[in-house]
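The chain contents come next:
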Amino acid sequence: MEEWLANPKISKFDAGGRLVTPGLIDPHTHPIFAGERCEEFDLKAQGRSYLEIHKAGGGIQSTVNATRAASKDQLVDNGSLQFDRLLRWGITTIEAKSGYALTVDGELRLLKVLQQLDGCHAIDVMPSLLGAHTIPLEHKGDRESYIRQIIEQMIPQAAAEKLAQFCDAYCEDGAFSTDEVARIFDAAKKHGLKLRLHAEQFTDQGGSVLAAKMGATSVDHLEAISAESIRALGESETVAVLLPGAALTCKSAMPPASELFAAGIPVALGTDLNPGSSMTASLPLMMSLACMQMGFSCDQAWQAVTRVAAQSLARPDIGHLGKSAIADLAIFDAPDYRYIPYHYGENHCSAVIKRGRVVFG
Ligand code: NIG
Ligand code: FE
């Protein structure tokens, strides 16, 4: 027996020949919300588009209404439920956004819920301020006053209270323009926040190129990214975070992963867990979709939820196994790493170890 194994401070775990991987990392989630949107799901199923529902005052705004009305305890309870769902699939770290309050106090309240969950739940949280998710109803006639609240109050306060590591925004027709995102990102950088962006989900607005130029850590979605934007993105260090669950729910074409890989862009995968465009906590299902619909190899799908997802969060200490990594592990009842994307929709995760302790299974 190796000497270190005799150390009583070291706990032993017999995985019994099962598949052991780094704990999975979900680099894009919206887990703090109240209410569900089954009705909208059914409308989309019957042919209404996500943007059509959004522009008619449903979509994000309907979750904002429910979230504003919920107590902090209700948000913690629902958030905790979402975290449990994620953990069961082998996920040990998530990026998690605010974005369903859209007032200064409300967004800070959501970030505090995330901070509380980070402290009491096994999953580690990398929090993002997403005040720029959409223009809230009460500011519809005066978007400038809302943008100024984000720049002058939300960003400085979230940064000063260390409630967010990233600033995110939604760059889209019906949400924020590239000029507005540039102003918001300038403020975020000034306050020491790193950047990520919802970009080119339905239309290419040039958001990903702008974000990459501004040094964003990730650009997310990219279902509608143009060949020209892919070329520009390929010259940056920015990671592309692809969200096949949102493409599936919104009946969009899958993001052009093969072209992104060919341009040398690092590609990660996320669930986009949220009540509107992607109601799933299954990162392994995203791996399956990536292999079956987007041209990923099984190896690329694994890299996308471990090493590259960690890169998209600027976390070199997770997403791999070894001395320079913390002991986050997922254990699967599977004889081969390819089983996980191959058996789609099934959960093979039988145990999760977070920072060296068994937290599930
Ligand atoms: O990543 N597209 C913008 N934001 C989310 C959806 C949020 C919602 O519909 O509630 C997304 O798809
Ligand atoms: Fe999202």
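Scroll up to find the structure this text is about.
Not measured: the values here are computed from a predicted model.

Draft legend 1. Expanded view of the site of ligand 1. Taken together, 15 residues lie around ligand 1, and Arg37, Tyr50, Tyr100, His221 and Ser277 are the ones closest in. His133 places a side-chain nitrogen or oxygen 2.9 Å from a nitrogen atom of ligand 1. One of the side-chain N or O atoms of Asp272 is found 2.9 Å from an oxygen atom in ligand 1. Protein contact buries 100% of the 330 Å² of open area that ligand 1 shows by itself. In the shell around ligand 1, the residues fall into four nonpolar, nine polar and two charged.

Draft legend 2. Expanded view of the state of the cysteines. Taken as a whole, this structure holds zero disulfides when the rule is applied. With no disulfide of its own, Cys250 lies closest to Cys38 among cysteine sulfurs, the gap being 16 Å. Of all cysteine sulfurs in the structure, the one in Cys298 sits closest to Cys349, which takes part in no disulfide; the separation is 18 Å. A residue is classified by how much of its surface remains accessible, and Cys349, at 9% relative accessible area, is buried.

Draft legend 3. Inspection of the sheet that holds strand β9 (residues 267-269) at higher detail. On the basis of which strands lie adjacent, the open sheet formed by eight strands has the order β2-β3-β4-β5-β6-β7-β8-β9 and parallel pairing. Edge positions in the sheet fall to β2 (24-29) and β9, since each of these pairs with one other strand and no more. Sheet twist, expressed as the average angle between the axes of neighbouring strands with direction ignored, equals 25°. Here three bridges tie strand β7 (residues 218-221) to strand β8 (residues 239-242), and the two strands are oriented parallel to one another. Its bridge partner lying in β8, Asp220 is registered against Val241. The strands touched by helix α5 (residues 104-120) within the sheet are β3 (91-97) and β4 (124-132), with β4 carrying the most contacts at an inclination of about 175°.

Draft legend 4. Molecular detail of the sheet that holds strand β11 (residues 349-354). With respect to topology, four strands assemble into an open sheet ordered β1-β10-β11-β12, the strand pairing being antiparallel. Each edge of the open sheet is held by one strand with a lone partner, namely β1 (19-22) and β12 (357-360). Between one strand and the next, the sheet's axes are offset by a mean angle of 30°, whatever the strand orientation. Judged from the four bridges that link them, β1 and strand β10 (residues 329-332) form a sheet pairing that is antiparallel. Each bridged residue has a counterpart across the sheet, and for Thr21 the counterpart in β10 is Ala330.

Draft legend 5. Inspection of the packing of aromatic side chains at higher detail. This structure, assessed with the given rule, holds five aromatic pairs. Geometrically, the ring pair formed by Tyr50 and Phe202 is stacked, given 5.4 Å between the ring centres and 25° between the ring planes. You can see Tyr50 sitting in helix α2 (residues 50-55) and its partner Phe202 sitting in the loop between β6 (194-199) and α8 (207-213), a full 152 residues away along the chain. Relative accessible area serves as the criterion here: at 23%, Phe202 is assigned to the partly exposed category. With centroids separated by 5.0 Å and ring planes inclined at 80°, the aromatic side chains of Phe261 and Phe296 adopt a geometry described as edge-to-face. In this pair, Phe261 sits in helix α11 (residues 257-262) while Phe296 sits in the loop between α12 (283-293) and α13 (298-305), placing the two residues 35 residues apart along the sequence.

Each value, and the rule that gives it
- Residues numbered from 1 in each chain as written.
- Chains lettered and ligands numbered in written order.
- Predicted model: local features only at pLDDT ≥ 70, side-chain atom pairs only at ≥ 80, totals over all residues.
- Heavy atoms only, no water.
- Near = heavy atom within 4 Å.
- Polar contact = N/O pair within 3.5 Å; in protein donor to acceptor, adjacent residues only side chain to side chain.
- Areas by Shrake-Rupley, 256 points an atom, 1.4 Å probe, with all protein chains shown as cover.
- Nonpolar A, V, L, I, M, F, W, Y, C, P; charged D, E, K, R; others polar.
- Disulfide = S-S within 2.5 Å.
- Buried < 20%, exposed > 50% of the residue type's maximum accessible area, 1.4 Å probe, protein only.
- Pairing = 2+ DSSP bridges.
- Helix = DSSP H or I, 4+ residues; strand = E, 2+ residues; numbered from the N terminus.
- Axes fitted to C-alpha atoms, helices over the stretch in contact; angles between N-to-C directions.
- Contact = heavy atoms within 4.5 Å.
- Phe/Tyr/Trp six-rings, centres within 6.5 Å; stacked < 30°, edge-to-face > 60°.

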